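One-letter residues, chain by chain:
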Amino acid sequence: MATVETVLSSIFSTIPELHSGQLGLLAGLLVGVLYWHGHRQSALGLLTGCYLLALGVVPASTRGLIVVQSKPWYFCSFLVLTSLGTIGGYALWRRISRSVQSRALAVRHRASDHEEGSRSHQNRT
């Protein structure tokens, strides 16, 4: 009887498209993490380098890239989609955090204005 473990191991050991896609996903996550932590030029350089290596434009040892270069469509698709998703998530997170900070500052500003108004009113009486 086949278990889930044996079925998954047989799928992932025989289908190069899955290996290529997994490597693209991991490379895309690495690009996204670099971008998220402020290394934007390095992240975009890594994205470009990985993409060109997968297409075979940049010469490299084919021994390590056989899976990627045999099915570059899967690698490049996952690489680009994951990278853009992570970079887009970072942009969205920054926008949300800025709007929350600006709202918090506005609330503090209104509260301090209200306190000053109350103090000046108390001083008049």
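Here the structure is a predicted model, which is why all the values come from computation and not from measurement.

## Some thoughts on the nonpolar core
1) Next: Judged by nonpolar contacts, the single largest core of 13 residues is most densely connected at A27, Y35, C50, A54, F75 and L79.
2) Next: Listed by contribution, the elements that provide at least two residues to this core are α2 (16–36), α3 (40–55) and α5 (72–124).
3) Next: The leading source of residues in this core is α5, at five residues.
4) Next: Non-local contacts of C50, meaning those with residues more than four positions away in its chain, are made with A27, F75 and L79.

## A few points about the packing of aromatic side chains
1) Next: In total, this model carries four aromatic pairs according to the counting rule given.
2) Next: Between Y90 and W93, the aromatic rings sit 6.4 Å apart at their centres with planes inclined by 35°, giving tilted as the arrangement. Here Y90 pairs with W93, and both are found in helix α5, just three residues apart, close to one helical turn.
3) Next: Taken together, the ring pairs in this structure connect Y35, W36, Y90 and W93 into an aromatic cluster.
4) Next: Cation over ring: R40 sits above Y35, and NZ or CZ is 4.9 Å from the ring centre.

How each quantity is defined
- Residues numbered from 1 in each chain as written.
- Predicted model: local features only at pLDDT ≥ 70, side-chain atom pairs only at ≥ 80, totals over all residues.
- Heavy atoms only, no water.
- Core = buried A, V, L, I, M, F, W, Y, C linked by side-chain atoms within 4.5 Å.
- Buried < 20%, exposed > 50% of the residue type's maximum accessible area, 1.4 Å probe, protein only.
- Helix = DSSP H or I, 4+ residues; strand = E, 2+ residues; numbered from the N terminus.
- Contact = heavy atoms within 4.5 Å.
- Phe/Tyr/Trp six-rings, centres within 6.5 Å; stacked < 30°, edge-to-face > 60°.
- Lys NZ or Arg CZ within 6 Å of the ring centre and 35° of its normal.

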